[in-house]
Amino acid sequence: MDKQAMTAELLKAIKTYEELGFRYLPLKQDRITDLLHSRPVYAVSESREKIMTAPQPCLSLDKDSALQQLKEEIGDCTRCRLHKERKNVVFGEGSSEARLMFIGEGPGRDEDIQARPFVGEAGRLLTRLIEKMGMKREDVYIANIVKCRPPFNRDPEQDEIATCKPFVERQAEIIHPGVIMSLGRVSAQSILGMKMPIGRMRGNFFSFHNIPLMPTFHPAYLLRNPKDKWLVWDDAQKVLEKLKN
Ligand code: URA
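Student: What is the right way to read the overall build of the chain from this model?
Tutor: Each helix and strand in the chain was counted, giving eleven helices and six strands. Each of the 245 residues in the chain was classed as buried or not, and the buried ones make up 49%. In the form shown here, the chain has an accessible surface area of approximately 12800 Å², with 50% of it arising from carbon and sulfur atoms.

Student: Even after reading the chapter, I still don't get the site of the ligand, so can you show me in this structure?
Tutor: By nearness alone, every residue bordering the ligand is listed as G104, E105, G106, E111, P117, F118, N144 and H218. Contact distances for the ligand include 3.0 Å between an oxygen atom and a backbone N or O atom of F118. N144 has a polar side-chain atom sitting 2.8 Å from a nitrogen atom of the ligand. Expressed as a share of its isolated accessible area of 230 Å², the protein-covered part of the ligand is 91%.

Student: Explain the pattern of salt bridges here, please?
Tutor: Applying the stated criterion to the full structure yields 14 salt bridges. In this structure, E160 engages R81 in a salt bridge whose closest nitrogen and oxygen atoms are separated by 2.5 Å. Pair noted here: E160 is in helix α7 (residues 158-175) and R81 is in the loop between α4 (63-74) and β1 (93-94), with a separation of 79 residues, a long-range link. Classification of R81 by relative accessible area gives partly exposed; the value is 37%. In this structure, a network of salt bridges that share partners links the residues R81, R154, E157, D159 and E160.

Student: Looking at this structure, I do not really get the sheet that holds strand β5 (residues 206-208). What am I missing?
Tutor: Strands belonging to one sheet form pairs held by backbone hydrogen bonds; the direction of such a pair is parallel or antiparallel. Taking strand neighbours across the sheet as the criterion, the six strands line up as β1-β3-β2-β4-β6-β5 in an open arrangement whose pairing is mixed. Each having just a single partner strand, β1 and β5 make up the two edges of the open sheet. Lying on the sheet, helix α11 (residues 229-244) is in contact with β2 (100-104), β4 (179-183) and β6 (211-216); it crosses β6 at an angle near 170 degrees.

Student: What should I look at first to understand the pairing of strand β3 (residues 141-144) in this one?
Tutor: In the case of a regular strand, side chains alternate between the two sheet surfaces. Covered by surrounding structure in β3 are Y141 and A143 together with I142 and N144, the residues of both alternating faces. When β1 meets β3, the two strands line up antiparallel, connected through two bridges. Bridging from a neighbouring strand, E93 pairs with I142 of β3. The pairing of β2 with β3 spans four bridges and is classified as parallel. Across the sheet, G104 pairs through a bridge with N144, a residue of β3.

Student: So what exactly am I meant to see when it comes to helix α6 (residues 121-132) here?
Tutor: Spacing of three or four residues puts side chains on the same side of an α-helix, whose turn is 3.6 residues. Counted at 1.5 Å a residue, the expected span for α6 with its twelve residues is 16 Å, and the 17 Å between its end C-alpha atoms agrees. The set of residues buried in α6 consists of A122, G123, L125, L126, T127, L129 and I130. Against the buried residues of α6 lie β2, β3, β4, α10 (219-224) and α11. Downstream of α6 by one or two residues, G134 has phi in the positive range, about 90 degrees.

Student: So what exactly am I meant to see when it comes to α4 here?
Tutor: Between the first and last C-alpha of α4 there are 17 Å, a value that for twelve residues agrees with the 16 Å anticipated at 1.5 Å per step. Looking at the packing, one finds that the buried side of α4 touches β3 and α7. Just beyond α4, the residue with positive phi is G75, at close to 55 degrees.

Student: I keep staring at the packing of α4 against α7 and nothing clicks. Help me out?
Tutor: Any two packed helices are characterised by how steeply their axes cross, that is the angle between the axes, and by the distance between the axes. With their axes 9 Å apart at the nearest point, α4 and α7 run at an angle of 170 degrees to one another. Judged on the interaxial angle alone, α7 and α4 are roughly antiparallel. Residue-level inspection shows K63, A66, L67, L70, E73 and I74 of α4 in contact with α7, the latter providing F167, R170, Q171, I174 and I175.

Student: Teacher, can you tell me more about the pairing of β4 here?
Tutor: For β4, a buried count of five out of five residues is recorded, marking the element as mostly surrounded by other parts of the structure. Residues V179, M181 and L183 line one face of β4 and the alternating positions I180 and S182 line the opposite face, and both faces are buried. One ladder, built from four bridges, connects β2 with β4; its direction is parallel. Bridge pairing links M101 to I180 in β4. Where β4 lies against β6, four bridges are found, and the strand directions are parallel. Bridge pairing links I180 to L213 in β6.

Cut-offs applied
- Residues numbered from 1 in each chain as written.
- Predicted model: local features only at pLDDT ≥ 70, side-chain atom pairs only at ≥ 80, totals over all residues.
- Heavy atoms only, no water.
- Helix = DSSP H or I, 4+ residues; strand = E, 2+ residues; numbered from the N terminus.
- Buried < 20%, exposed > 50% of the residue type's maximum accessible area, 1.4 Å probe, protein only.
- Areas by Shrake-Rupley, 256 points an atom, 1.4 Å probe, with all protein chains shown as cover.
- Near = heavy atom within 4 Å.
- Polar contact = N/O pair within 3.5 Å; in protein donor to acceptor, adjacent residues only side chain to side chain.
- Salt bridge = Lys/Arg side-chain N within 4 Å of Asp/Glu carboxyl O.
- Pairing = 2+ DSSP bridges.
- Contact = heavy atoms within 4.5 Å.
- Axes fitted to C-alpha atoms, helices over the stretch in contact; angles between N-to-C directions.
- Expected span 1.5 Å × (residues − 1).
- Parallel < 35°, antiparallel > 145°, perpendicular 65-115°, else oblique.

Listed below in structure tokens is the structure:
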């Protein structure tokens, strides 16, 4: 099928989905991007023309619904072995309009019990950092690489990361924050697919799905090494500067 015919077919499909009341295309964004001349399209808007000419992804149409849909898709997940010992899937929380998103490694004991990210001691330190940056916790979005607690808080394994990572990628795509801060070695290395030590990555911007990403130390590390808090503050300053631009 040539590109024109493919586009016509796609438009027909979009129309059908619209008529059925869908507000989001159940397609992967990169597939649609290929089809539509590299213009990413995510949501179904009122007019097909608007979709075809959108210079930016239509992500802002209803990000809350897109996140809710993703949460439902994850459901009571049994995709990897982590489901066996977890109490709750910890999807993530915060503002769908967040300009700043934090990505940690995976839920710990408190998070597993409460089904909320970063609510233990490390979480309280993260909340303090957010407030020092002039924001409220509910203004930002907080998620993890893996959504289920690894037993005894061990590092998530490669296959567990590979299974769960698409979900945090989709959260980032939907929210499309101005900057992401990844917390700790596991988060930075998993997101970026690099083996570089966190001490070398932190303080530098990388790109994750075209979103500037600043790796920094994990708050749990800072609880053990409070002398390094100033380095995280330094990273936070760079993030704030980037958000201003
Ligand atoms: N550590 C993480 O990486 N994530 C949490 O949600 C809590 C602790």
